[in-house]
Amino acid sequence: MFWESVGYALGAAEECIRHHDIVGAVRKSDWFRAEAERWKDHPHYPTEAAR
């Protein structure tokens, strides 16, 4: 589920950038950050593994 969320959020932000919608891209990126935060305790959370 985490990787599905990542793919969706990054794809949506990229699509906003293609259409020159910077505000939309920032909103999608913020949503992605908040969604990823829910998974921070998961053992496969990529940022935690890098620490």
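About the criteria used
- Residues numbered from 1 in each chain as written.
- Predicted model: local features only at pLDDT ≥ 70, side-chain atom pairs only at ≥ 80, totals over all residues.
- Heavy atoms only, no water.
- Helix = DSSP H or I, 4+ residues; strand = E, 2+ residues; numbered from the N terminus.
- Buried < 20%, exposed > 50% of the residue type's maximum accessible area, 1.4 Å probe, protein only.
- Salt bridge = Lys/Arg side-chain N within 4 Å of Asp/Glu carboxyl O.
- Patch = residues over 30% accessible without salt bridge, like charges linked within 9 Å, V, L, I, M, F, W, Y side chains within 5 Å.
- Areas by Shrake-Rupley, 256 points an atom, 1.4 Å probe, with all protein chains shown as cover.
- Expected span 1.5 Å × (residues − 1).
- Arc of directions from axis to C-beta.
- pLDDT = per-residue confidence, 0-100.

Student: I keep staring at the overall build of the protein and nothing clicks. Help me out?
Tutor: Within the protein, the secondary structure is distributed over three helices and zero strands. In the protein, buried positions account for 24% of the 51 residues.

Student: I'm lost on the pattern of salt bridges in this one. Help?
Tutor: Should the charged atoms of two oppositely charged side chains come close, the side chains can pair. Going through the model one piece at a time under the given rule, you end up with two salt bridges. As a salt-bridge pair, Glu14 and Arg18 come within 2.6 Å of each other at their nearest N and O atoms. Placement of the pair is Glu14 and Arg18 together in helix H1 (residues 2-18), with a separation of four residues, close to one helical turn. Among the ionic pairs, Glu15 bridges to Arg18, the shortest N-O distance being 2.9 Å. Residue Glu15 and its partner Arg18 are located together in helix H1, separated by three residues, close to a single helical turn. Salt bridges here are not isolated pairs; linked through shared partners, they connect Glu14, Glu15 and Arg18.

Student: Can you help me understand a nonpolar patch on the surface in this one?
Tutor: On the surface, Ile17, Ile22 and Val26 cluster together into a nonpolar patch covering about 280 Å² of accessible area. Following the sequence through the fold, Val26 ends up in helix H2 (residues 22-37).

Student: Is there a simple way to think about H2 in this case?
Tutor: Every α-helix carries 3.6 residues per turn, so stepping three or four residues along brings you back to the same face. Given a rise of 1.5 Å per residue, 16 residues ought to cover 22 Å, and the 22 Å separating the end C-alpha atoms of H2 matches this to within 8%. By the burial criterion, the buried members of H2 are Gly24, Ala25, Glu35 and Ala36. Down the axis of H2, the sector holding all buried residues measures 110 degrees, keeping them to one side. For H2, the exposed residues set more than 90 degrees away from the buried face come down to Ile22, Arg27 and Arg33.

Student: What's the story with the confidence of the model for the protein in this structure? I'm lost.
Tutor: Scored by pLDDT, the protein has a mean of 79; 82% of the residues are at 70 or more. Averaged over each element, pLDDT in the protein is lowest for helix H3 (residues 46-50) (54) and highest for H2 (86).

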